Amino acid sequence: MMLIAELTQKAMRLGVPFAVHVDLTWRCNERCEHCYLEHDDQGEMGTEELLNLFDQLADAGVFFLTLSGGEPMIRRDFWDLVGRARALQFNVKLKTNAVLIRQAEAERLRSLGVEQIQISVYSHRPEVHDAITKLPGSLERTLRGVRALRAAGIKVAMANVMMRSNLADRKAVAALARELGATYSADPTVTPMITGDRSVLDLRIPGSELAGLFHDNELVGDVESFCAPPPPVGDAELDGLPCSAGHSACYVSPYGDVYPCVQFPLPSGNVRRQRFLDIWRQSPQLLEVRSIRMRDLPVCSTCAHMGICTRCPGLAWTEGSMRGPSSADCEKSFYRTGVPSANMLARGLVTFPSGIAETALAAFAPGAHAGLGLIQIAPLPQTAA
Ligand code: SF4
Ligand code: SF4
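A short tour of the structure in this document, coming up. (Residues numbered from 1 in each chain as written. Chains lettered and ligands numbered in written order. Predicted model: local features only at pLDDT ≥ 70, side-chain atom pairs only at ≥ 80, totals over all residues.)

1. Structural notes on the site of ligand 2
Contacts to ligand 2 come from 15 residues, most closely from Cys 300, Cys 303, Cys 309, Cys 330 and Ser 341. Those elements giving two or more residues to the shell around ligand 2 turn out to be α15 (327–337) and α16 (342–347). Examining the composition of the shell around ligand 2, we find that three residues originate from one element, α15, more than from any other. Across the shell around ligand 2, the residue classes tally to eight nonpolar, five polar and two charged. (Near = placed C-beta within 6 Å. Helix = DSSP H or I, 4+ residues; strand = E, 2+ residues; numbered from the N terminus. Nonpolar A, V, L, I, M, F, W, Y, C, P; charged D, E, K, R; others polar.)

2. Considering the packing of helix α2 (residues 47–60) against helix α3 (residues 78–87)
Where α2 meets α3, the closest approach of the two axes is 10 Å, and the angle between their N-to-C directions is 15 degrees. As judged from the angle between their axes, α2 and α3 are roughly parallel. In this structure, the crossing between α2 and α3 has a hand that is right-handed. In this structure, α2 contributes Thr 47, Leu 50, Leu 51 and Phe 54 to the contact, and α3 contributes Asp 80, Leu 81, Arg 84 and Ala 85. (Axes fitted to C-alpha atoms, helices over the stretch in contact; angles between N-to-C directions. Parallel < 35°, antiparallel > 145°, perpendicular 65-115°, else oblique. Left-handed = near helix turned anticlockwise from the far one by under 90°. Contact = placed C-beta atoms within 7 Å.)

3. Observations concerning the nonpolar core
Core analysis: the largest hydrophobic core is formed by 83 residues, its most contacted members being Val 20 and Leu 65. Residues in contact with Leu 65, not counting those within four places in the same chain, are Val 20, Val 22, Leu 57, Ala 85, Phe 90, Asn 91 and Val 92. Formed by nine residues, the second largest nonpolar core is a distinct cluster that contains Val 233, Cys 300, Cys 303 and Ala 342. (Core = buried A, V, L, I, M, F, W, Y, C linked by C-beta atoms within 7 Å. Buried ≥ 20, exposed ≤ 12 C-beta atoms within 10 Å, placed from the backbone.)

4. Comments concerning the environment of Glu 319
Note that Glu 319 resides in the loop between α14 (313–318) and α15. The class of Glu 319 is partly exposed, set by 17 C-beta atoms lying within 10 Å. Not counting residues within four places of it along the chain, the set of residues in contact with Glu 319 comprises Gly 324, Ser 326 and Ser 327.

5. Some remarks on helix α5 (residues 126–133)
Within the span of α5, buried status applies to His 129, Asp 130, Ile 132 and Thr 133. Buried residues of α5, seen end-on, are gathered within an arc of 155 degrees and therefore sit on one face of the element. Looking at the buried side of α5, the elements it contacts are α6 (138–151). Directly after α5, the chain includes Lys 134, whose backbone phi takes a positive value near 60 degrees. (Arc of directions from axis to C-beta.)

6. Some remarks on α15
Residues spaced three or four apart along an α-helix face the same direction, because each turn holds 3.6 residues. For α15, the tally of buried residues reaches ten of eleven residues, placing the bulk of the element in the interior. Considered for burial, the residues of α15 that qualify are Ser 327, Ala 328, Asp 329, Cys 330, Glu 331, Lys 332, Ser 333, Phe 334, Tyr 335 and Arg 336. Backbone geometry just downstream of α15 places Gly 338 in the positive-phi region, at approximately 80 degrees.

7. As for the pairing of strand β2 (residues 64–68)
Taking burial as the measure, the five residues of β2 include four buried ones, the bulk of the element. In this structure, strand β1 (residues 19–23) lies alongside β2, joined through five bridges in parallel fashion. Its bridge partner being in β2, Asp 23 is matched across the sheet by Ser 68. Crossover β1 to β2 through α2 is right-handed. Sheet topology places β2 next to strand β3 (residues 91–96); four bridges connect them, and they run parallel. (Pairing = 2+ DSSP bridges. Right-handed = clockwise from strand over helix to strand, strands pointing away.)

Right, dumping it as structure tokens:
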């Protein structure tokens, strides 16, 4: 059977939107302190609009359909939507807080053939988890949901966003995932709010802690190779694509807005005014995203980290240019290897997302940035199956 990576590569070559993420709503029954969304309903798509969108996605060749939010299960038509998605034979992945999942819902999801459910768990301690979600009793209800899903035989991926307030509980959450038969991933990513408000970035873990995470065998596997100096960059890397956003994947908001990725908020069309496939094929924004190769990035193409950097073009866009570096990833590359990025070297001055500026070259010794924040985009490798 062809591997997913091969299928994704093929989809990229053929220009097929292989994986689409649809937020069914931005409304939510929790109020997580780090959430980047606006929760008030500004006129989200109705049932018929979403069913029609799913039909269009099927016609366009979509295989993976991620249904997320907000909390997607608070929509009254949730089951109709999942039912249609499965009838169209999408491989459906659901992102939920599982607060509304009991045995009956778990069995229904199982009977519909939902492939995997991703659930955020911030701590094994209710006082920590519930303080983050701002919903009393949420940890208990979420874990009830996880147990029900596992009992129904559904794969559960436990996602642990790490912030200052819950960093100390990481190993206990990993152990909890193992005990419940869920996979575990740790992710120190906190992104600016969709409104542009960056105050949530104060929740990020300090850079000094991040360096510690990158040097933890339990999280990254082989620390020596993970934190090794970056290998030389060649033509293969320079001819590469920045990521799958806009190439084989995209995001649709509850209001029908299409973006290259949920983390790349470049407005590229709206399915209430245009056919999805017309947006996918002809949107000037998506065409521009698609035209970019790594060698076209003025700073990153000269960077030692280019071959291994998790540079997010979405974050780069929020910083001013989709062809620019993402300072969060520069920091990550630096803390991972101790080698300064081309961006840091070019500027001679490093401005961290927290707004703190430091003289770069003089301060690049490991440990010099203790206390500074960092955003990480890609989840760290799973540590438990
Ligand atoms: S790198 Fe950024 S824009 Fe690309 S797929 Fe990942 S999150 Fe989306
Ligand atoms: S470390 Fe920074 S400059 Fe280097 S490739 Fe990554 S984002 Fe670009």
